[in-house]
Amino acid sequence: GTNYGKQVMTGNWFDTEFVAMRKLWLAGADIPYPLSGGGGVMVMQFIGDWDRAAPRLIDARIEREKAEPLLEQILWNVRLLAREETVHGDLSAYNVLFWEERAWIIDFPQSVNLFHNQYGVEFLLRDIVNVCNFFKRFGIVRDPQEELALALAEAYG
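These figures come from a predicted structure and were not determined experimentally.

A. Seen up close, the side chain of His88. Relative to the assigned elements, His88 resides in the loop between β3 (86-87) and β4 (96-99). Polar side-chain contacts of His88 include one of 2.8 Å to the backbone oxygen of Ile106.

Right, dumping it as C-alpha cells:
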C-alpha cells in the first residue's frame with residue numbers, strides 16, 4: 001500500500017501487458033504492435049492517420065453491411081487468444097479500435113491465462129457476451145454459448 005509498492009505494481013502491470021501483447025501480436029492477433037513496455041509506460045503502434053486516431057468501436061460509425069465481417073474478425077481474435085491460452089478479460093466496444101474497416105483490440109493489462117486463472121472461462125464468456133451484445137444493434141445475433149464452445153475448441157486444439 002506504500003507509494004513505492006504502488007509504483008512496483010504499476011510497473012509490473014505494464015510489463016505484463018507488454019509481454020501479453022507481444023505474444024499475441026506474434027501469434028497473429030489484430031492488435032497494435034507493442035513497441036516497448038516497462039517502467040509504467042506502454043508504447044504501441046499508432047492506429048489512425050495524420051489527422052486523427054482510430055475511434056473506439058463504441059464511438060465509430062459502422063455501416064450495417066460492414067458490421068457482420070467486423071464481428072467475425074473480433075470473434076476470430078477471441079478464438080486466437082484462447083488458442084494462446086489468453087483471455088482479454090475486459091473485451092468490449094470500449095477496448096476495440098476501428099480503422100479502415102478493421103478492428104484492433106487494445107487494453108490488455110487485465111488479461112488472464114485461460115487455464116491457470118480459476119475464472120478464465122467465465123471471463124472468456126463475458127468477453128464474448130459483451131461483443132455479441134454490441135453487435136445486436138445491427139441486427140446480428142450470435143449465441144455466446146456457441147461462440148464459447150468454438151473458442152474452447154481452439155484452446156484445447
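Now that the structure is up, let's keep going.
B. Structural view of the environment of Val96. Turning to its location among the elements, Val96 is positioned in strand β4. Along the backbone, Val96 and Pro55 are 41 residues apart, and their C-alpha atoms lie at a distance of 8.5 Å. Other than its neighbours up to four places away in sequence, Val96 contacts Pro55, Arg56, Leu57, Ile74, Leu91, Ala103, Trp104, Ile105 and Ile106.

C. View of the packing of aromatic side chains. As enumerated under the stated definition, the model contains six aromatic pairs in all. The interplanar angle of 70 degrees and the centroid separation of 4.5 Å between the aromatic rings of Trp25 and Tyr33 together place this pair among those described as edge-to-face. When its relative accessible area of 33% is taken as the criterion, Trp25 is described as partly exposed. Their ring planes at 40 degrees and their centres at 5.9 Å tell us that Phe135 and Phe138 sit as a pair that is tilted. Among the residues examined, Phe135 registers a relative accessible area of 1% and is labelled buried. Assessed through its relative accessible area of 15%, Phe138 is described here as buried. Here the aromatic residues Phe134, Phe135 and Phe138 are joined through ring pairs into a cluster of three or more. Geometry around Trp104 places Arg102 over its ring, the cationic atom sitting 3.9 Å from the centre.

D. Summary view of unusual backbone geometry. Although it is not a glycine, Glu85 adopts a positive phi angle of roughly 60 degrees. Mapped onto the elements, Glu85 comes out in the loop between α2 (64-83) and β3. Accessibility expressed as a relative area gives 33% for Glu85, which makes it partly exposed. Here Glu100, not a glycine, exhibits a phi torsion of approximately 50 degrees, which is positive. Inspection of the secondary structure assignment puts Glu100 in the loop between β4 and β5 (102-105).

E. Broad picture of α2. End to end, α2 covers 30 Å across 20 residues, agreeing with the expected 28 Å (1.5 Å per residue, within 8%). Every buried residue of α2 is listed here: Ala67, Leu70, Leu71, Gln73, Ile74, Leu75, Asn77, Val78, Arg79, Leu80, Leu81 and Ala82. Positive phi appears at Glu85, one or two residues downstream of α2, with a value of about 60 degrees.

F. Examining the nonpolar core more closely. Residues Leu57, Ile62, Leu70, Ile74, Leu124 and Phe135 are the most contacted members of the largest nonpolar core, which totals 41 residues. Listing elements by their share of this core, those giving two or more residues are α1 (3-27), α2, β4, β5, α3 (120-135) and α4 (144-156). The greatest single-element share of this core, amounting to nine residues, is contributed by α2. In this view, Leu124 contacts Val78, Val87, Leu114, Leu148, Ala151 and Leu152; residues no more than four positions away in its chain are not counted. Among the nonpolar cores identified, the runner-up in size contains six residues, and Ile47, Ala54, Trp99 and Ile106 belong to it.

Conventions and cut-offs
- Along every chain, residues carry numbers that run from 1 in the direction the sequence is written.
- Predicted model: local features are reported for residues with pLDDT of at least 70 only, side-chain atom pairs are reported and counted for 80 or more only, and whole-chain, interface and lining totals are derived from all residues.
- With hydrogens and water set aside, each side-chain value is computed from the structure's full complement of heavy atoms.
- Helix and strand labels come from DSSP, where a helix needs a run of H or I of at least four residues and a strand needs a run of E of at least two; each type is numbered from the N terminus.
- We call two N or O atoms a polar contact when they sit within 3.5 Å, provided that within protein one can donate a hydrogen and the other can accept it, with sequence-adjacent residues counted only if both atoms are side-chain atoms.
- Any two residues whose heavy atoms approach within 4.5 Å at even a single point are treated as in contact.
- When the centres of two rings from Phe, Tyr and Trp lie within 6.5 Å, Trp using its six-membered ring, the rings pair. Their planes under 30 degrees apart give stacked, over 60 give edge-to-face, and anything left gives tilted.
- Relative accessible area decides the class of each residue, using a 1.4 Å probe on protein chains only: under 20% of the type maximum gives buried, over 50% gives exposed, and in between gives partly exposed.
- Charge-over-ring contacts are defined here by two conditions on Lys NZ or Arg CZ: a distance within 6 Å of the ring centre and an angle within 35 degrees of the ring normal.
- To estimate how far a helix should extend, the number of its residues minus one is multiplied by 1.5 Å.
- For the purposes of this section, nonpolar cores are sets of buried Ala, Val, Leu, Ile, Met, Phe, Trp, Tyr and Cys residues that join through side-chain atoms within 4.5 Å.

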